[in-house]
Amino acid sequence: MKTYEVTKDIKRYRFGSPISTGAVVVSGNEINNEDIQYLAFEIDEASSLKYTMEDKDQVLGLGENQKGIDKRGGIFESYCSDEPNHTPDKKSLYGAHNFLLMDGRDTFGIFIDYPGRIVFDIGFSHKDELEITIEDNNFDIYIINGNSKREIVNKFLKMIGRSYVPPKWAFGFQQCRWSYVDSKEVEEVADNFIKHDIPCDSIYLDIDYMEDFKDFTVDKERFPEFESFVERMKDKGFRLIPIIDAGVKIEEGYETYEEGIKNGYFCFDENNEPFVAAVWPGKVHFPDFLNRDARKWFGKKYKVLTDLGIEGFWNDMNEPAIFYTEKGLQSALDTVEELKDRNLNIHSFFKLKDAFTGLSNNLKDYKSFYHNIDGKTVNHDKVHNLYGYNMTKAAAEGFEEIEPNKRFLIFSRASYIGMHRYGGIWTGDNYSWWDHILLNIKMMPSLNMCGFLYSGADTGGFSGDSNAQLLIRWTQFSIFTPLFRNHSAIGTRKQEPYAFDTESTQVLKETIRLRYKLLPYIYSEYMKAVRSQDIYFAPLSFEYHDKYSRKVENQLLAGDSLMVAPIYEENAVGRYVWLPEEMLLWKASKGDDRSYEVINTGHLFIEIDYDEVPIFIRKNKMLILGKHANRVEDLDNTELNVIAFIEDRANYIYYDDDGKTYDFTKGIYSQVIIDIEKIDGDYKINIENKGNKDLKKLNFEIVDTTGRVTKKSVII
Ligand code: GLC
């Protein structure tokens, strides 16, 4: 084991010679060996780390996973999985995010940089023991120290590099569904949004747009004259976002396939032949995204579609998902042969059944193909968690060549820490279940701690049938998530915001409009978080240190000024909330109605109607609110409202930039610094405008702790 000092508060412990994952962007200096036991970790030969937890210890982090913000009591596996049933017993979903934040006796962060399987047993087998088992002897462990959870997360985020920034339009509402079968249907969706006057910035193209599920092709019959279709949709105000899948169809004459074969860009089997698996199109090869040249090649293929006017993509099935392999299928068919004449009993029946259910995403298959990493042959199983990451890196590198200073929208299903620099993630195939709203709420801060700021869930649920109420309640939470997309599976009940009754359409329209009104705040908070290595969604315990805030799992801080407390139970007329301090409650509903209530510290039940979104403004904080528009680019933010809850003084930095380029990295952005001070019952407002040329007027609604509202306007 070698020890490095990465920065003053971060140590890296290197075991063996790990494969470079690219997760960490700073390197350290080797220092004298230091025993990892200084943090009460015991480490044994089998690469298992043990830590004894006290009752008060909490374990946060682990990104995309089941269970709570506090992971204690659970067992988790880092092994990117195409897992469409997110039931509580599932150990692994699509991402592998090996960062834990310990909080209790010792407060520190730990990141295990190893791209194969890791098991995190967080008091599941033994209630007081945290055991991390790494399936190999070559890995890096980073221990991050700091004075608070936020500080530790900030240091970790700094170490792994700046989070991805999408174009501003990608903060608008987005509509998706698997089964918009042709351009006519996509246009109908667009027309429905226009007809109902519901804001929407983009419509997704799922696998239906491709010719026989082949990447970088468009079905010419169902989507004729694609380029003018893209143009027509843009004229109507919608960007189209096509899906790209990891598997490349094996088909002679298909360009992507031919190029991949010719150049040896596909993953290969033990005989050095391109590895064959089956996904949507039938048999496919997997591009070797871990091979630099192959990655470059695949990244450039996105140009086929950007040349036709496309500005955003979603990368899917990149764990990689495998329906079956020839070997696996053969063995299942052999089982059929073996059992076909039998009177099946408990053993033989399940043997037959399991022969087929075990066909997909089988570990044996993941162990049977290889990558070429800088000339070295590496078994896929050892680097499994880097696959989706490098597919998304391929896309990002491709975009950089296509138009270096342009922000493209890109997000992925599979991921590993490090990928957060190249794209966002969505949380995969959830269900139209109330429980999955709550899972979504709990997952967001955990994802943020791992660098994934641009993320969100399939609003309304992917599998299963949504009803109007579920979609309304889910949308009321999703208006706060940076990625805000309604998506559903083929064969399920339609769930576009206009798919239910007139009253629900109206409520959904107002809710989505609220998102557009909140955008000046959401974008400002997102960008400030990205630029200062901070998170956008935080657990309450990041700011409040009382015993209840440590335990709250169903309320979140969204940016610096707001606490959100979404409804995630059917037929609820309100919910219980914990107020760690006095806050200002605005039950946002239709139109521009604004009435506020000062809510005292404590546990209480607040009533919330179906059409209301409870927004809590923290004390001495402010919310910036614009007018809605039907597209992000049409937002008129020349005049903004500021809702402030002031006890004595508040300060807010309203950030903005062009929303299109990376010029913000060169210091080209604006900041409006707003300071409100209460003096003798009145307010002194100080505004310093650093470069915002659009803003002309700010209208203030300042509420004091007695609930008195003072209105003022300031011309900028
Ligand atoms: C996968 C994706 C889902 C998509 C479907 C068809 O299940 O997770 O979002 O709609 O594939 O492409």
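Everything numeric here is computed off the predicted structure, so don't read it as measured data.

Attention now moves to the site of the ligand. For the ligand, the full set of nearby residues is Trp178, Asp206, Ile207, Ile243, Trp280, Trp314, Asp316, Arg413, Trp426, Asp429, Phe462 and His487. With respect to the ligand, the side chain of Asp206 contributes an N or O atom lying 2.5 Å from an oxygen atom. In the model, an oxygen atom of the ligand is placed 2.9 Å from a nitrogen or oxygen of the His487 side chain. Notes on the ligand: free accessible area 310 Å², of which the protein chains cover 97%. In terms of residue class, the shell around the ligand is made up of 7 nonpolar, 1 polar and 4 charged.

What the 3 strands build is an open sheet, ordered β39-β40-β41; its pairing is antiparallel. Edge positions in the sheet fall to β39 (649-656) and β41 (682-690), since each has one partner strand and no second. Pairs of neighbouring strands in the sheet enclose a mean axial angle of 15 degrees, with direction left out of account. Two elements, β39 and strand β40 (residues 670-679), share 8 bridges in a ladder whose sense is antiparallel. Across the sheet, residue Ile653 finds its bridge partner in β40, namely Ile673.

Take the packing of aromatic side chains next. Per the counting criterion, the structure on display carries 52 aromatic pairs. With a centroid separation of 5.9 Å and an interplanar angle of 80 degrees, the aromatic rings of Phe298 and Tyr302 are classed as edge-to-face. Phe298 sits in the buried class, given a relative accessible area of 0%. A cation over an aromatic ring shows up here: Lys406 above the ring of Phe408, its NZ or CZ 5.4 Å from the ring centre.

This paragraph deals with the state of the cysteines. As enumerated under the stated definition, the model contains 0 disulfides in all. Cysteine Cys176 shares no disulfide, and the gap to the nearest cysteine sulfur, in Cys200, comes to 11 Å. When its relative accessible area of 0% is taken as the criterion, Cys176 is described as buried. By relative accessible area, which is 0% here, Cys200 ends up buried.

The next thing to look at is the side chain of Gln555. With respect to the secondary-structure elements, Gln555 resides in the loop between β29 (537-538) and β30 (556-558). For Gln555, a relative accessible area of 2% puts it in the buried group. A polar contact of 2.8 Å, which involves the side chain of Gln555, links it to the backbone nitrogen of Trp578. Every residue in contact with Gln555, bar those within four places of it in the chain, is listed here: Leu540, Met563, Val564, Ala565, Arg575, Tyr576, Val577 and Trp578.

Of the volumes computed, that of the largest pocket is approximately 600 Å³. Lining the largest pocket are 28 residues, and of these Lys168, Asp656, Asp657, Asp658 and Asp694 lie nearest its centre. For the lining of the largest pocket, the element with the highest residue contribution is helix α14 (residues 502-531), accounting for 4 residues. Tallied by class, the residues present in the lining of the largest pocket amount to 11 nonpolar, 7 polar and 10 charged. Within this model, the second largest pocket holds a volume of roughly 440 Å³. Lining the second largest pocket are 20 residues; nearest its centre among them are Thr325, Glu326, Lys327, Gly328 and Asp365. Contributing elements (two or more residues each) for the lining of the second largest pocket: α7 (326-339), α8 (346-357) and α9 (363-366). Here the element with the most residues in the lining of the second largest pocket is α7; it accounts for 6 residues. Of the residues in the lining of the second largest pocket, the class split is 6 nonpolar, 7 polar and 7 charged.

With that settled, consider the sheet that holds strand β33 (residues 583-588). The sheet built from 6 strands is open, its strands ordered β29-β30-β31-β36-β33-β34 with antiparallel pairing. If you trace the sheet from one side to the other, it starts and ends with β29 and β34 (596-599), each paired once. Pairing of β33 with strand β36 (residues 613-617), which is carried by 5 bridges, proceeds in the antiparallel orientation. Bridge pairing in β36 places Leu584 opposite Ile617. The strands touched by α14 within the sheet are β30, β31 (562-564), β33 and β36, with β36 carrying the most contacts at an inclination of about 20 degrees.

Reading the values: the criteria
- Residues numbered from 1 in each chain as written.
- Predicted model: local features only at pLDDT ≥ 70, side-chain atom pairs only at ≥ 80, totals over all residues.
- Heavy atoms only, no water.
- Near = heavy atom within 4 Å.
- Polar contact = N/O pair within 3.5 Å; in protein donor to acceptor, adjacent residues only side chain to side chain.
- Areas by Shrake-Rupley, 256 points an atom, 1.4 Å probe, with all protein chains shown as cover.
- Nonpolar A, V, L, I, M, F, W, Y, C, P; charged D, E, K, R; others polar.
- Pairing = 2+ DSSP bridges.
- Helix = DSSP H or I, 4+ residues; strand = E, 2+ residues; numbered from the N terminus.
- Axes fitted to C-alpha atoms, helices over the stretch in contact; angles between N-to-C directions.
- Phe/Tyr/Trp six-rings, centres within 6.5 Å; stacked < 30°, edge-to-face > 60°.
- Buried < 20%, exposed > 50% of the residue type's maximum accessible area, 1.4 Å probe, protein only.
- Lys NZ or Arg CZ within 6 Å of the ring centre and 35° of its normal.
- Disulfide = S-S within 2.5 Å.
- Contact = heavy atoms within 4.5 Å.
- 1 Å grid on protein atoms, 1.4 Å probe; cavity = no way out; pocket = protein on both sides within 12 Å on 5 of 7 lines; lining within 4 Å.
- Points joined across faces, edges and corners; volume = space filled by probe spheres on them.

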